[in-house]
Amino acid sequence: MRRGFPAPPRPQESAAAAPAEAPARVEHTERLITEFPFELPRGYVDDSGTVHRTGVMRLATARDELIPLRDDRVRENSAYLSVVLISRVLTRLGTIEDIHPGIVEDLFASDLAFLQDFYRRINAEGHTRAAVTCPSCQESFAVDLAGGGRLGES
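Note that the structure is a prediction, hence the values are computed from the model and not measured.

Trainee: Mind showing me how you'd approach the overall build of the chain here?
Mentor: When helices and strands are counted, the chain shows five helices and five strands. Secondary structure elements of the chain, listed N to C terminal, follow the sequence β-β-α-α-α-β-α-α-β-β. A buried classification covers 28% of the 154 residues belonging to the chain. Accessible area for the chain stands at about 11,700 Å²; split by element, carbon and sulfur atoms hold 52% of it.

Dropping the structure here:
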């Protein structure tokens with residue numbers, strides 16, 4: 001028999017023991033939406049003349065935002081970041097599933113601007129909007145704190 005201090009009480013033996021019955025486990029049935037359909041204002045025209053207007057963009061990962069920084073085209077021209085980034089997160093454009101920077105380069109400027117804005121909206125989940133009150137008239141409204149800059153621009 002060892003002499004010394006008595007063993008500490010087990011949790012169920014403690015004076016401040018937890019309730020006899022543990023709370024029921026809550027299961028979450030909510031699913032994270034990671035892909036978002038869109039329709040381009042003009043559409044991508046492929047080599048055969050087919051116009052592709054609908055598509056799907058997925059949420060960006062940290063890797064999606066880091067890998068383009070190693071791309072020589074981005075190092076030479078920081079504005080090219082948005083082209084590489086958009087090409088990584090587009091999963092479908094019309095019937096095209098292999099999206100690469102060359103396809104994004106051939107988009108009309110209005111379609112690229114649309115996709116840049118769409119990227120910001122789905123990846124920020126609306127966190128760039130803030131409720132404000134006008135100091136003059138006391139009217140409440142929402143403002144977008146992200147500003148008007150485009151991806152890849154400083």
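Moving on from the coordinates now.
Trainee: Just to check I follow, could you spell out helix α3 (residues 81–89) for this structure?
Mentor: Side chains that are three or four residues apart share a direction in an α-helix, a result of its 3.6 residues per turn. Among the nine residues in α3, eight count as buried, and that is most of the element. Regarding α3, the residues found buried are Leu 81, Ser 82, Val 83, Val 84, Leu 85, Ile 86, Ser 87 and Val 89. Next to the buried residues of α3 lie β2 (51–58), α1 (62–66), α2 (72–76), β3 (90–93), α4 (101–105) and α5 (109–124).

Trainee: How should the packing of aromatic side chains be read in this particular structure?
Mentor: In total, this model carries three aromatic pairs according to the counting rule given. Arranged with centres 6.2 Å apart and planes meeting at 50 degrees, the rings of Phe 38 and Phe 114 form a pair that is tilted. Highlighted residues: Phe 38 in strand β1 (residues 35–45) and Phe 114 in helix α5, separated in sequence by 76 residues. Take Phe 38: its relative accessible area is 6%, and that puts it in the buried class. Measuring from centroid to centroid gives 5.8 Å for Phe 114 and Phe 118, while their planes differ by 10 degrees, and the two rings are stacked. Here Phe 114 and its partner Phe 118 are both found in helix α5, four residues apart, which amounts to about one turn of the helix. Of the aromatic side chains, those joined through ring pairs into one cluster are Phe 38, Phe 114 and Phe 118.

Trainee: Help me understand the environment of Arg 120 in this model?
Mentor: Relative to the elements of secondary structure, Arg 120 occurs in helix α5. The exposure class assigned to Arg 120 is partly exposed, which follows from its relative accessible area of 24%. Distance from Arg 120 to Leu 59, taken between C-alpha atoms, is 9.9 Å for residues 61 residues apart in sequence.

Trainee: Quick question: what am I supposed to make of the pattern of salt bridges here?
Mentor: When their charged atoms lie close together, side chains carrying opposite charge are able to pair. Counting across every chain of the model gives five salt bridges. When the shortest N-O distance is used, the salt bridge between Asp 71 and Arg 73 registers 2.6 Å. What makes Asp 71 buried here is its relative accessible area of 18%. By relative accessible area, which is 39% here, Arg 73 ends up partly exposed. A single salt-bridge network, built from bridges that share partners, covers Arg 58, Asp 64 and Arg 88.

Trainee: Even after reading the chapter, I still don't get the environment of Asp 111, so can you show me in this structure?
Mentor: Structurally, Asp 111 is set in helix α5. Assessed through its relative accessible area of 0%, Asp 111 is described here as buried. Here the alpha-carbon distance between Asp 111 and Glu 39, two residues 72 residues apart in the chain, equals 9.3 Å. Once residues lying within four places of it in the same chain are set aside, the contact partners of Asp 111 are Leu 40, Pro 41, Arg 42, Gly 43 and Tyr 44.

Trainee: Mind showing me how you'd approach the nonpolar core here?
Mentor: Soluble globular proteins tend to bury their nonpolar side chains together. Counting 25 residues, the largest nonpolar core has Phe 38, Met 57, Leu 90, Leu 93, Val 104 and Leu 115 as the members making the most contacts within it. Those elements that provide at least two residues to this core are β1, α3, β3, α4 and α5. The element contributing the most residues to this core is α3, with six residues. Setting aside its immediate chain neighbours within four residues, Leu 93 contacts Phe 38, Leu 40, Tyr 44, His 52, Thr 54, Gly 55, Ile 99, Ile 103 and Leu 107.

About the cut-offs
- Residues numbered from 1 in each chain as written.
- Predicted model: local features only at pLDDT ≥ 70, side-chain atom pairs only at ≥ 80, totals over all residues.
- Heavy atoms only, no water.
- Helix = DSSP H or I, 4+ residues; strand = E, 2+ residues; numbered from the N terminus.
- Buried < 20%, exposed > 50% of the residue type's maximum accessible area, 1.4 Å probe, protein only.
- Areas by Shrake-Rupley, 256 points an atom, 1.4 Å probe, with all protein chains shown as cover.
- Contact = heavy atoms within 4.5 Å.
- Phe/Tyr/Trp six-rings, centres within 6.5 Å; stacked < 30°, edge-to-face > 60°.
- Salt bridge = Lys/Arg side-chain N within 4 Å of Asp/Glu carboxyl O.
- Core = buried A, V, L, I, M, F, W, Y, C linked by side-chain atoms within 4.5 Å.

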